[in-house]
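Report on the structure
Listed below, chain by chain, are the residues.
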Amino acid sequence: MEPRLMGYADRWSAVPGQQLTLYAAGPPGAGTVDLVDLIDEAGRTPAEPISLAPQPLKTGSHLEASVPVPARGSVALWIRPHRLGTRQVVAELGTPGWRLLLALDEENRAEASLETTSGLLTCHGHTAVERRSWSLLVVAWEATPSTTTVRLAVGRAPGVSARAAGLALPHGTGEVRLGAGSFVGRIALPMLTSGLITTCAPLLDLTTGAELVKHLGEDVLALWDASIDPGACLVTDISGNGHHARAVNRPLAGLIGPGSGTDRTAVQLSPEDLDDARWKETCALTIPEETTSTVLGVRLRTRSQSCVIPVIVRPAGPGRAPVAVVLPTFTYLAYANHRQLSEAEYFGDYSRVTDHGITLSPTDAYLNDHRELGLSLYDQRQEGGPVYYSSGRRPVLNFAPGYRWWMTGAPRHFSADLLLLRWLRSEEFAFDVLTDEDVHEGGADLLAGYRVVMTGSHPEYISAPERAAVSAYVSGGGRLMYLGGNGFYWVTGVDPRHPHAIEVRRGHAGDWWDNEPGEDVLTSTGEPGGLWRHRGLAPQELLGVGFAAQGWGPAPGYTRLPDSYRDNASWIFAGVETDTVGRCGLALGGAAGDEIDRAAPELGTPPGTLLLATSAGGHSHHYQPATEEAALGAHTVRADMTLRRLGNGGAVFAAGSINWVASLACCDGDIRRVTRNVLSRFLLSPPL
């Protein structure tokens, strides 16, 4: 089969006149690229020829640095392997013609080998290291014109050595590589010295960088301490010699090392990490100056394949529309390349959560077979453990206009949110399109000029600046339409040094992705991760509703409640002739499905919030309470529709279901009427 056509742009959000850099790969030969408006599916630029070729995906995180390589020296580091039974390189030090490797062999023993142009010298430790336990490894070498000696020590076990004559000497500046792309586990406090360390004993109780520098003195050529600036692109060399190490493919940082629980000296390396595909540039494109805010697609085509890479075009400067739709791009990143196989491990045969047959699209089948595209935050690593970072600098195959989710066979995330944008355009509402990144960076000032702000279907991942911006917008008299479910749920970090990626540490929410104790602090921001609910900021406080349950059986509609017939709310249902709304929908047949939210005064739903309608009692056993709701019983399994009015003219309408937006695809459904009624009234100046 010919290589798959795919690609990515250097940014997901742009303004008119801005240049995009495109990175593409595919079958070798000619192709074309153009820009198409994904809302009305009209072409925006003529097709231009491009040259395509396959490009490799270089996964695997490691540290690398340029260092002096002495003829007499040592490499020492703590390791905590997460996978054993295969040979894996822990550290590599080399100059032209001279290379030292520190590895674990197939029997889990440390192995040191010195290879030169004139021979090979190898020795093995006697004791195997243990999985997920810390071990100190030390390898020392001493090269003279006549004899070269290598000594290896592991923990408290006796050291071993090997000796050979006539091997070449190291000279000059070389490269050290820690992890080397094959080691799976954690390393802490790796160091290079100009003195011989022949036993681990003096170092075993020294588990901070400061202690080691004090003990080893001027012999330290480099000592890398990840606790100095966790998550930085460079791991600091605290020796004072300035040999800082580059962190390639963003190894997981902010982790507890071999010492006390307060020392974040460790980084975790994995062959599956991918922060930046680092492909060669294919071409540059410019967003036409006359483009109004919309969603464009960079369309790639060959004779036999095509693909579309979305780019959200936000407005540039003044002259905004009255409505802003904030696309939940942090959620798109969290689910980027989300694999069905990972969910199958979690849900088993799916009978607990759905009666829908699972059918994989070619895209989903491809993702199952190609983990080198990088993992989503819902995938487990092959060695076990969750994923904390997700990057947009790689092909994201499910960030596509035609994508259908395998669980429902319907649009979800970006492809569902396109339905909202297409409906707005068909109804001739003027709107701008923003992203989570835009609001994160622009704050309350960005939103202040809009009469109405609308969310997408699943704004699950929210940063602190974005949450503060939305809260300030509502408090300042803005009107928010929350048209989704499971929103404003996970604390999400964005590091200015990695603006193309998000970080999520889920704390101890009681699920398989929980992080290890004491490691829930985001390296991006220094704030605790986990649920906003556990930070005292439950979604109900802002939105009126918050995550209650998930399931993928048939989706019911909402039954109207007494509040919906009051004079100050009945306008929402103008033209609706039944007491139940949302009984049709593109996803699962109804509007109240997938992940759903409930009102909860005990969690912060403000007094006076109107409870307009609910799906209570309409869900099958396939809908399971959220983990944090499980102890409360089945009465929490419901989607609530609410309206909150603020005294300053602000308001929040909440749909409380991911499926709401998909129900806008019903030709003349009551969900369209309700959404139209709310938006039309919210755009008016008089108080509600």
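Look a little higher up for the structure.
Presented here is a report on the structure given in the accompanying data block. (Residues numbered from 1 in each chain as written. Predicted model: local features only at pLDDT ≥ 70, side-chain atom pairs only at ≥ 80, totals over all residues. Heavy atoms only, no water.)

**A look at the sheet that holds strand β39 (residues 624–625)**
With antiparallel pairing, 3 strands are arranged side by side in an open sheet as β37-β34-β39. In this open sheet, the two strands that pair with only one neighbour each are β37 (594–598) and β39. Sheet analysis places strand β34 (residues 546–551) next to β37, joined by 5 bridges and oriented antiparallel. Bridge pairing links alanine 549 to isoleucine 596 in β37. (Pairing = 2+ DSSP bridges. Helix = DSSP H or I, 4+ residues; strand = E, 2+ residues; numbered from the N terminus.)

**Description of empty space enclosed by the protein**
It is a probe the size of a water molecule, rolled over the atoms, that shows where empty space is left. Tallying each qualifying case throughout the model produces 9 cavities of 30 Å³ or more. By volume, the largest cavity is sized at about 140 Å³. Taken together, 15 residues make up the lining of the largest cavity; nearest its centre are Asp273, Leu274, Asp275, Val387 and Tyr389. The element contributing the most residues to the lining of the largest cavity is strand β27 (residues 389–391), with 3 residues. In terms of residue class, the lining of the largest cavity is made up of 5 nonpolar, 4 polar and 6 charged. (1 Å grid on protein atoms, 1.4 Å probe; cavity = no way out; pocket = protein on both sides within 12 Å on 5 of 7 lines; lining within 4 Å. Points joined across faces, edges and corners; volume = space filled by probe spheres on them. Nonpolar A, V, L, I, M, F, W, Y, C, P; charged D, E, K, R; others polar.)

**Concerning the pattern of salt bridges**
All chains considered together, the criterion is met by 40 salt bridges. Residue aspartate 40 is joined to arginine 425 by a salt bridge in which the shortest nitrogen-to-oxygen separation is 3.3 Å. Highlighted residues: aspartate 40 in the loop between β4 (29–37) and β5 (42–43) and arginine 425 in helix α5 (residues 414–426), separated in sequence by 385 residues. Between glutamate 629 and arginine 533 there is a salt bridge, with the nearest N and O atoms lying 2.9 Å from each other. (Salt bridge = Lys/Arg side-chain N within 4 Å of Asp/Glu carboxyl O.)

**Here we look at unusual backbone geometry**
Most of the time, phi is negative for any residue but glycine, and the peptide bond is trans. A positive phi angle, near 60°, is found at arginine 132, a position not held by glycine. Along the chain, arginine 132 turns up in the loop between β12 (119–128) and β13 (135–143). Residue leucine 189 is not a glycine yet carries a positive backbone phi of 50°. Counting through the fold element by element, leucine 189 comes out in strand β17 (residues 185–193). Taking relative accessible area as the criterion, leucine 189 reaches 0% and is therefore assigned buried. (Buried < 20%, exposed > 50% of the residue type's maximum accessible area, 1.4 Å probe, protein only.)

**Here's the deal with the layout of surface pockets**
Its boundaries defined by the atoms lining it, the largest pocket holds a volume of some 590 Å³. Contributing to the lining of the largest pocket are 29 residues, with Arg4, Leu5, Cys307, Thr363 and Leu397 lying nearest its centre. Here the element with the most residues in the lining of the largest pocket is strand β25 (residues 306–313); it accounts for 5 residues. Here the lining of the largest pocket is composed, by residue class, of 18 nonpolar, 7 polar and 4 charged.

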